[in-house]
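Commentary on secondary and tertiary structure
Chain residues, written in single-letter form:
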Amino acid sequence: MIKSKMFQWIEVSSYEQMSEIAATIFAEQLLSKPDSVLGLATGGSPLGFYKELVRRHQEEEFSFARATTFNLDEYVGIGPGDATSYHEFMNENLFRHIDLPETRRHLPNGLATDLDAECSRYEKLIGESGGIDLQLLGIGVNGHIGFNEPGTPFDSRTHVIELTEATRQSNARFFDREQDIPKKALTMGIGTIMAARKIVLLAFGDNKMDAVERLENGAVTEEFPASILHKHPHVTVIYGK
Ligand SMILES: N[C@@H]1[C@@H](O)[C@H](O)[C@@H](COP(=O)(O)O)O[C@@H]1O
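Read on for a plain summary of the structure. Please read all numbers here as calculations on a predicted model, not as lab measurements.

The next thing to look at is the nonpolar core. Counting 69 residues, the largest nonpolar core has Phe-26, Phe-49, Leu-94 and Leu-201 as the members making the most contacts within it. Counting residues per element, this core draws most heavily on helix H1 (residues 15-32), at 6 residues. Residues in contact with Leu-201, not counting those within four places in the same chain, are Leu-137, Gly-138, Ile-139, Ile-145, Leu-215, Leu-229, Thr-236, Val-237 and Ile-238.

Here's what the structure looks like:
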C-alpha cells in the first residue's frame, strides 16, 4: 500500500510539551469553528492535554459552549458514577471544568442492555452531528486505537470488543482488583475513526517507542491497527520519551 504524505510527525522533549502542542491544535480548532465536533480519548496520554485545555479555557481563550464531543470508547458493565469508567474520567478531567452543555457530551453506554443497538445508536449520532472534525487518539503498545485490538477490520464501525489480556493488564493500574478489569468494551470502529477530518495521536514514554517506530516504518496491516492512519489525509503524531 502507498503511504500517505499527509502524516506530520512532531517530536517533543517532554510530556508537557506534547500536551501544550495538542492543546494548541484543539484551541485553534475551536477558535476557527466554535461548533466543532471533537473526538476525545482517555488514558494516561491525554491527561496533561486536558489539564492544559482546561487552563486555557478558564483564561477565556476559547469556549466549548457550541461544541459537541464523542469519546472513543467505554468499558462494558461500568458507567457514570463508577470511578473507573471513562464517563467518570471525562467528568473529572474535562467536563466538570468547561462550559460544554451536558446534552452534547457523548460516550458509548457500557450499561446498555442491548449493546449492539447501543453501537448503532452511537454511530448514527456521530453521523447526525455532521461527523468528527478533530479526533484525539492515544496508542496501545500493540498498536490499538480506541479499543480496536489487532485483527479488527479496517472498515469496522462502533462495535463491542473483547479486550486482549495485554490491554487488560496495561489498564490494570486503574483498577483495585484484577477481577474488576472489564473483559469487554464498546469502541468506535477503525472506519469511524478514519472518517474524522483531522486526527492527532499522542504517544509519550519509553514503552510507546516501539509502537511509534512500527507506526512510522511498518506495513499497513490489520495486525497493527494504527497503521491505517497512513491512509488518512490529515494526521499529526506528537511523540517523545
Ligand atoms: N482505550 C484506551 C485507548 O484509547 C488508549 O489510547 C490506550 C493507551 O492508553 P495510555 O494513554 O494510558 O497509554 O489505552 C486504552 O486502551
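To continue, consider the site of the ligand. Near the ligand, the surroundings consist of 13 residues, among which Gly-44, Ser-45, Asp-73, Arg-173 and Lys-208 are the closest. In the model, an oxygen atom of the ligand is placed 3.5 Å from a nitrogen or oxygen of the Ile-139 main chain. In the environment of the ligand, an oxygen atom lies 2.9 Å from a nitrogen or oxygen atom belonging to the side chain of His-144. Here the ligand loses 95% of its free accessible area of 390 Å² to cover by the protein chains. Structurally, the ligand is housed in the largest pocket. The class makeup of the residues in the shell around the ligand is 3 nonpolar, 7 polar and 3 charged.

What follows concerns helix H3 (residues 86-93). Of the positions making up H3, those classed as buried are Tyr-86, His-87, Glu-88, Phe-89 and Met-90. In this structure, the buried side of H3 is in contact with strand E2 (37-40), helix H2 (47-58), strand E3 (68-71) and strand E4 (73-75).

Turning our eyes to something else, we now look at the sheet that holds strand E7 (residues 159-162). A sheet is described by the order of its strands in space; here 3 strands give the open sequence E4-E8-E7, paired in antiparallel fashion. The open sheet has two free edges, formed respectively by E4 and E7, since each of these has just one partner strand. Averaged over neighbouring strand pairs, the angle between their axes works out to 25° when direction is ignored. As paired strands, E4 and strand E8 (residues 184-187) are joined by 3 bridges and run antiparallel to one another. Each residue of the ladder has a partner; that of Tyr-75, found in E8, is Ala-185. Helix H4 (residues 115-128) contacts E7 and E8 of the sheet and is inclined by roughly 125° relative to E7.

Okay, unusual backbone geometry next. For Glu-60, which is not a glycine, the phi torsion comes out positive at approximately 65°. Mapped onto the secondary structure, Glu-60 falls in the loop between H2 and E3. The exposed category is assigned to Glu-60, whose relative accessible area is 71%.

Criteria and thresholds
Residues numbered from 1 in each chain as written. Predicted model: local features only at pLDDT ≥ 70, side-chain atom pairs only at ≥ 80, totals over all residues. Heavy atoms only, no water. Core = buried A, V, L, I, M, F, W, Y, C linked by side-chain atoms within 4.5 Å. Buried < 20%, exposed > 50% of the residue type's maximum accessible area, 1.4 Å probe, protein only. Helix = DSSP H or I, 4+ residues; strand = E, 2+ residues; numbered from the N terminus. Contact = heavy atoms within 4.5 Å. Near = heavy atom within 4 Å. Polar contact = N/O pair within 3.5 Å; in protein donor to acceptor, adjacent residues only side chain to side chain. Areas by Shrake-Rupley, 256 points an atom, 1.4 Å probe, with all protein chains shown as cover. 1 Å grid on protein atoms, 1.4 Å probe; cavity = no way out; pocket = protein on both sides within 12 Å on 5 of 7 lines; lining within 4 Å. Sits in = over half its atoms within 2 Å of the grid points. Nonpolar A, V, L, I, M, F, W, Y, C, P; charged D, E, K, R; others polar. Pairing = 2+ DSSP bridges. Axes fitted to C-alpha atoms, helices over the stretch in contact; angles between N-to-C directions.

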